[in-house]
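Descriptive analysis of the structure
Listed below are the residues making up each chain.
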Amino acid sequence: MKRRNFLKSMGVATGASILPFLKYIPVEAAGKKDTLVVVAANGINSLDLHRKGTNRPSYQVTVNIYDRLVRFGVKKLEDGSLAYDSTKIEPEVAESWTVSRDGKTLTFKINPKAKFWDGTPVTAKDIKWSFDRAVSLGGFPAVQMKAGSMTKPDQFIAVDDKTFQIKLPKPSKLTLPDLAVPIPFIINSKVAKSKATAKDPWATEYLHKNPAGSGAFKIVRWDPGQQFVYERNEDWALGPKPGVKRVIVREVPSASTRRALTERGDADLYMDIPAKDSKEIVTKTGGKVKVSGAPIDNCLHVLALNLKYKPFDNIKVRQAIAYAIPYGDILKAAAYGRGKPMFGGRDMKPTSVEWPQPFPYDTNLEKAKVLLDQAGMPGGFETTLSYNLGLAAWQEPTALLIQESLKKIGINVKLDKIPGASWRTAALVKKRLPMHLENFGGWLNYPDYYFFWAYKYGHLFNSSNYKNPEIEKLVNDTLHMEVSDKKYEENVKRMIGIAFEDVPRIPIYQPYLDAAMRAPVNGYASWFHRQLDVRSITKAGV
């Protein structure tokens with residue numbers, strides 16, 4: 001196919017509108033062994049994850065250009081795909097660490113090989129300043145640090161240049177893994193402080209566009225709304241040298257265009273490919289494109305029922321809806337088989353602490369009708385089902401199937417389409433949606449951590465306004481408890497059992513995070529933060 005006809009087949013004009021793509025990503029870039037071309041739906045809006053308003057795509061910049069004390073390992077799945085390993089913590093800037101006998105003091109020894117881009121060594125003072133910043137600027141970074149019981153600057157101590165300590169109010173199983181998430185990244189404090197002002201003591205304006213890190217890659221170009229470019233830090237010595245020298249991440253809003261560019265060979269890697277495309281693209285390209293992915297740990301696609309709106313405050317109504325969901329049809333039409341079923345459990349009492357695990361509901365319209373009758377609503381009712389247009393690939397077919405199925409038990413549903421830019425405010429901040437599709441994935445892979453965010457009253461991802469005093473106590477008692485504690489299994493089973501019965505959130509399936517890539521690309525791994533870690537990627541000669 002000629003290039004002009006190829007561009008027409010994508011619905012892209014061959015005039016001025018294609019010039020930016022040709023200008024910033026020449027066709028031959030994807031063919032170079034040392035250059036990786038990535039296409040993504042959304043671009044970054046900041047180079048500083050601590051800055052308020054930083055969007056999710058910007059998380060990947062932090063992962064690749066900054067270092068942390070520790071990192072998660074990587075494991076190989078049964079199908080050969082790679083994914084992060086939540087059970088394995090490895091050294092990064094810290095070459096070793098110890099935990100005091102009472103569990104309240106963590107001491108880290110800093111690797112002398114850790115150096116910032118300007119050649120100066122990473123010191124405990126840099127780590128303290130960076131952690132002080134994370135807990136002081138507020139917003140999401142402070143909340144995430146709090147999950148690991150890190151809330152105040154005086155908890156962080158630079159013992160000497162190569163020794164850093166964290167003091168905890170009580171022992172917590174979450175502290176060490178919380179140090180491996182993107183938030184506690186290490187900044188060159190000498191550079192940052194030289195750019196700070198009285199009004200901006202944490203140099204947020206400077207670091208927004210001028211990172212000061214030690215990571216495996218450096219940002220060498222950022223064209224907002226178009227692309228950003230990494231170049232390998234040749235002096236990075238805290239792990240295997242990255243397999244590519246240059247990475248171009250191009251913002252391409254259209255999913256069909258991203259797919260076409262990957263199929264054609266003008267892009268090497270397509271992050272977060274929709275389930276439908278991931279199913280088709282391998283066959284269409286005759287194996288020239290492969291798909292790698294894994295179920296996202298601690299993540300569920302759910303139908304949320306808001307208890308502040310009648311009749312969803314009635315447990316019988318919620319259970320009726322749980323039996324009326326067309327689970328199998330949704331798994332086929334929305335997930336295209338790339339999802340783990342979270343329905344069809346055998347018992348209302350969980351037998352393990354596995355999470356996520358299937359809930360004890362399946363499609364049974366007769367049982368749903370009986371429960372509606374017991375709720376005093378034999379004729380059904382009218383309601384609204386809201387969904388996020390930014391996640392229409394799975395939410396739109398899911399909403400249509402739920403609407404059709406609920407009508408069979410007398411519940412007439414009006415669909416409410418909300419733009420992606422307005423979703424967070426409507427669903428999570430104001431919590432004003434009576435019935436809605438939602439997704440949440442906890443960064444720390446523990447069931448009690450999921451319940452902390454999604455079932456505790458007032459917490460961000462509890463969009464159902466669910467409040468249960470027993471859940472509140474169980475989460476508070478269990479969140480920092482060691483898994484080996486005798487009470488841990490008992491508490492978690494009880495939490496899951498209450499969720500089974502009360503169903504303020506009706507799980508449908510656990511989604512996969514898939515990426516499509518040309519055959520020469522290897523080393524891609526799925527991560528809990530759902531962003532691209534390019535440090536492990538290699539590209540064979542083409």
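Residues numbered from 1 in each chain as written. Predicted model: local features only at pLDDT ≥ 70, side-chain atom pairs only at ≥ 80, totals over all residues. Heavy atoms only, no water.

**Quick look at the overall build of the protein**
Cut-off, in case you're wondering: Here a helix means four or more residues in a row that DSSP labels H or I, a strand means two or more in a row labelled E, and each is numbered from the N terminus. Between the two quantities, the radius of gyration covers C-alpha atoms and the globule rule is 2.2 Å times the number of residues to the power 0.38. Contacts are assigned to residue pairs that have any heavy atoms within 4.5 Å of one another. Per-residue accessibility takes into account occlusion by the displayed protein chains alone, with areas from the Shrake-Rupley method and a 1.4 Å probe. Charge convention: Lys and Arg are scored as positive, Asp and Glu as negative, and His as well as the terminal groups of each chain are ignored. Taken as the charge location is NZ of Lys, CZ of Arg, CG of Asp or CD of Glu.
Check the secondary structure of the protein and you find 18 helices and 21 strands. Since a compact globule built from 542 residues should have a radius of gyration of about 24 Å, the 24 Å found for the protein is in line with a globular shape. Counting only C-alpha atoms and orienting by the principal axes, one finds that the protein spans roughly 70 × 70 × 45 Å. Considering only intrachain contacts with a sequence separation of at least 6, the fraction spanning at least 24 residues in the protein is 71%. Per element, the accessible surface of the protein, about 22600 Å² overall, is 51% carbon and sulfur. For the protein, the distance from the average site of its 80 positive side-chain charges to the average site of its 56 negative ones is 4 Å.

**Re the pairing of strand β4 (residues 94-99)**
Operational definition: Any two strands are treated as partners once DSSP identifies two or more bridges connecting them.
Relative to strand β5 (residues 105-110), β4 runs antiparallel, the two sharing five bridges. Residue pairing in the sheet places V99 in a bridge with L106 of β5. Hairpin geometry of β4 and β5 is characterised by an intervening segment of five residues between the two adjacent antiparallel strands and by a positive phi of about 75 degrees at G103.

**Some thoughts on the packing of aromatic side chains**
Applicable threshold: For this analysis, a ring pair means two rings from Phe, Tyr or Trp (six-membered ring only for Trp) whose centres lie within 6.5 Å, classed as stacked if their planes differ by under 30 degrees, edge-to-face if by over 60, and tilted for the remaining angles. The buried label applies to any residue whose accessible area, calculated with a 1.4 Å probe on protein chains only, is under 20% of its type's maximum; exposed applies above 50%, and partly exposed to all values in between.
With the rule as written, the count across this model stands at 35 aromatic pairs. Measuring from centroid to centroid gives 4.7 Å for F359 and F500, while their planes differ by 70 degrees, and the two rings are edge-to-face. Of the two residues, F359 sits in the loop between β14 (339-341) and α13 (365-374) while F500 sits in helix α18 (residues 486-502), which places them 141 residues apart along the sequence. For F359, a relative accessible area of 2% corresponds to the buried category. For F500, a relative accessible area of 1% puts it in the buried group.

**Concerning the packing of helix α4 (residues 124-136) against helix α5 (residues 139-147)**
How we decide: What counts as an axis is a line fitted to C-alpha atoms, over the stretch in contact for a helix, and the angles between N-to-C directions run from 0 to 180 degrees. Throughout, the term roughly parallel applies to angles under 35 degrees, roughly antiparallel to angles over 145, roughly perpendicular to angles from 65 to 115, and oblique to all others. Each residue gets one of three labels, nonpolar for Ala, Val, Leu, Ile, Met, Phe, Trp, Tyr, Cys and Pro, charged for Asp, Glu, Lys and Arg, and polar for the others, Gly among them.
Packing of α4 against α5 brings their axes to within 6 Å, and their N-to-C directions diverge by 110 degrees. Comparing their axes, α5 and α4 come out roughly perpendicular. Taken together, the residues of α5 that come into contact with α4 (itself represented by F131, A134 and V135) are P141, A142 and M145. Looking at the contact of α4 with α5 residue by residue, the class counts come to six nonpolar, no polar and no charged.

**Side note on the nonpolar core**
Spelled out, the test is: Remark: nonpolar core denotes a set of buried residues (Ala, Val, Leu, Ile, Met, Phe, Trp, Tyr, Cys) joined through side-chain atoms within 4.5 Å.
In terms of nonpolar packing, the biggest core is built from 149 residues, with L69, I166, Y230, L269, L303 and I321 touching the most fellow members. If you tally residues by element for this core, the top one is α18, at seven residues. With 12 residues, the next largest nonpolar core counts V39, L261, I281 and A516 among its residues.

**Regarding the confidence of the model for the protein**
Do not read the predicted coordinates in detail wherever pLDDT is low. For clarity, the threshold we go by: The quantity known as pLDDT measures the predictor's confidence residue by residue, on a range of 0 to 100.
Here the protein averages 92 in pLDDT, and 94% of its residues register 70 or above. pLDDT under 50 marks residues 1-24. Its contacts with residues more than four places away, or in other chains, come to 32 contacts.

**As for the sheet that holds strand β7 (residues 163-167)**
The antiparallel open sheet is built from four strands, whose spatial order is β4-β5-β7-β6. Sheet topology places β4 and β6 (156-160) at the edges, where each strand pairs with a single neighbour. Averaged over all pairs of adjacent strands, the angle between strand axes in this sheet comes to 20 degrees, irrespective of strand direction. Here α4 sits on the sheet in contact with β5, β6 and β7, set at roughly 175 degrees to β6.

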